[in-house]
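One-letter residues, chain by chain:
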Amino acid sequence: MGTSYARAALAAASALVAVAAALAQTQPTAPPAAPPLFATTKVEGTDNVYIFRYQGHQSMFVVTSDGVIATDPIGLGRPQAVTTYIDEIKKVTSQPIKYVVYSHSHYDHISGGKPFKDLGARFVAHKNAKAQLERLRPANIVVPDEVVDTQHTITLGGTTLELHYVGRNHSDNSLVMRLPKEKIIFAVDFIPIQSVFWRSMPDSWIDEWETSLKRVLAMDWERLIPGHPGPGGRLGNKQDVQNLLQYMADLSTAVKEAADAGKCYDTAMKEVKLPKYEAWTNYAGWFPGNVERYCLLYRSGF
Ligand SMILES: [Zn+2]
């Protein structure tokens, strides 16, 4: 009796398992929830530092008792990102937006600032960014009112924001924005977090890039806000910068070897691998482009 009961229970259980398995096969699996179009997040542990994200781009803004310092308008091909950005600022403060600081001259980060300009904001960028924008006159980009050479400090309502030029890297005009009290920096595109670089790293100075990373490491800060969300939306830290320097060193060594063996470009782009970094964001899609860029360095010297 005990045995038959157990057998019946087992049969019932296995029938349930079979039903569950059949359901699992026939039910369409729900797609992973898409992140909302945009989000505004107050940086943990601060009183007044916010991240505004719209799709895959993000920007920092700082609220003070005497106005707001905003950064990249991130409005390329989507003016609604800029108006949303302004609406989001207005939700947290009635203070006027006094500044818009550009991280660097790439259009995906700085397009669409006119609504900020119309509200009276003063635009600030590195001097090389202004020179480039004046030369190219791209549509829909506000030309900076004020430029930074090596360093500049904005003080507003008791908040200090330092703007540092650390040399050429992903562009020739990247600014590191540092909040000394909060020990936070905002740096865009030249310090990807746990991610390889964008494709073949166009418009870049490979030979000077590492120097600028070392300058960033020498500054006093604890958290880095990137211009594209990091893994799981986390902020960066100094270890991420060290890891990136190590990645560049490993990549450089591997491609130099391939270049010396006459394998640049095509064979190197297929054969050079750095399995240690396989788990980094965009390794599969963009790593061959990174190899291509280092081939250019060893073939042409820049
Ligand atoms: Zn860029």
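Look up: the structure comes first, before these words.
What you see is a predicted model, and the numbers here were worked out from it, not measured in a lab. (Residues numbered from 1 in each chain as written. Predicted model: local features only at pLDDT ≥ 70, side-chain atom pairs only at ≥ 80, totals over all residues. Heavy atoms only, no water.)

Participant: Just checking my understanding: could you explain the packing of aromatic side chains for this structure?
Facilitator: By convention here, two paired aromatic rings are described through the distance between centres and the angle between planes. Scanning the entire structure with this criterion turns up 16 aromatic pairs. Ring geometry for Tyr50 against Phe61: centres 4.9 Å apart, planes inclined by 5 degrees, an arrangement best described as stacked. One end of the pair, Tyr50, is in strand 2 (residues 49–54); the other, Phe61, is in strand 3 (residues 57–64), with eleven residues separating them in the sequence. Using a relative accessible area of 11% as the deciding quantity, one classes Tyr50 as buried. Pairing Phe52 with Tyr85 gives two aromatic rings, centres 4.6 Å apart and planes at 10 degrees, and the pair type is stacked. With Phe52 in strand 2 and Tyr85 in helix 2 (residues 79–92), the pair connects residues that are 33 residues apart, well separated along the chain. In this structure, Phe52 and Tyr85 share a single accessibility class: buried. Members of the aromatic cluster, each reached through a chain of ring pairs, are Phe38, Tyr50, Phe52, Tyr54, Phe61, Tyr85 and Phe116. (Phe/Tyr/Trp six-rings, centres within 6.5 Å; stacked < 30°, edge-to-face > 60°. Helix = DSSP H or I, 4+ residues; strand = E, 2+ residues; numbered from the N terminus. Buried < 20%, exposed > 50% of the residue type's maximum accessible area, 1.4 Å probe, protein only.)

Participant: Could you clarify how one ought to interpret the coordination of the zinc ion in this entry?
Facilitator: Tetrahedral coordination by four donors sets the ideal angle at the metal to 109.5 degrees; octahedral coordination by six donors sets it to 90 or 180 degrees. Taken together, His104 (NE2), His106 (ND1), His170 (NE2) and Asp189 (OD) make up the full set of protein donors to the zinc ion, lying 2.1 to 2.2 Å away. Between the four donor atoms coordinating the zinc ion, the angles at the centre fall across 86 to 172 degrees, so the site counts as irregular. Sequence positions of the residues that donate to the zinc ion give the spacing H-x1-H-x63-H-x18-D. Residue His104 is found in the loop between strand 5 (97–101) and helix 3 (107–110), and its partner His170 is found in the loop between strand 9 (159–165) and strand 10 (175–179); the two are separated by 66 residues along the sequence. The exposure class of His104 is buried, given its relative accessible area of 0%. (Donors = N, O, S within 2.8 Å, 3.2 Å for Na, K, Ca; no water. Tetrahedral: all angles 85-135°; square planar, octahedral: opposite > 155°, others 65-115°.)

Participant: Looking at this structure, I do not really get the pattern of salt bridges. What am I missing?
Facilitator: In the structure shown here, the tally under the stated rule is 14 salt bridges. One salt bridge in this structure joins Asp66 and Lys98, with 3.6 Å as the shortest N-O distance. Taken as a pair, Asp66 in the loop between strand 3 and strand 4 (67–71) and Lys98 in strand 5 lie far apart in primary sequence, 32 residues in all. The class for Asp66 is partly exposed, based on a relative accessible area of 38%. The residue Lys181 makes a salt bridge to Glu182 at a minimum N-O spacing of 3.6 Å. Taking relative accessible area as the criterion, Glu182 reaches 15% and is therefore assigned buried. (Salt bridge = Lys/Arg side-chain N within 4 Å of Asp/Glu carboxyl O.)

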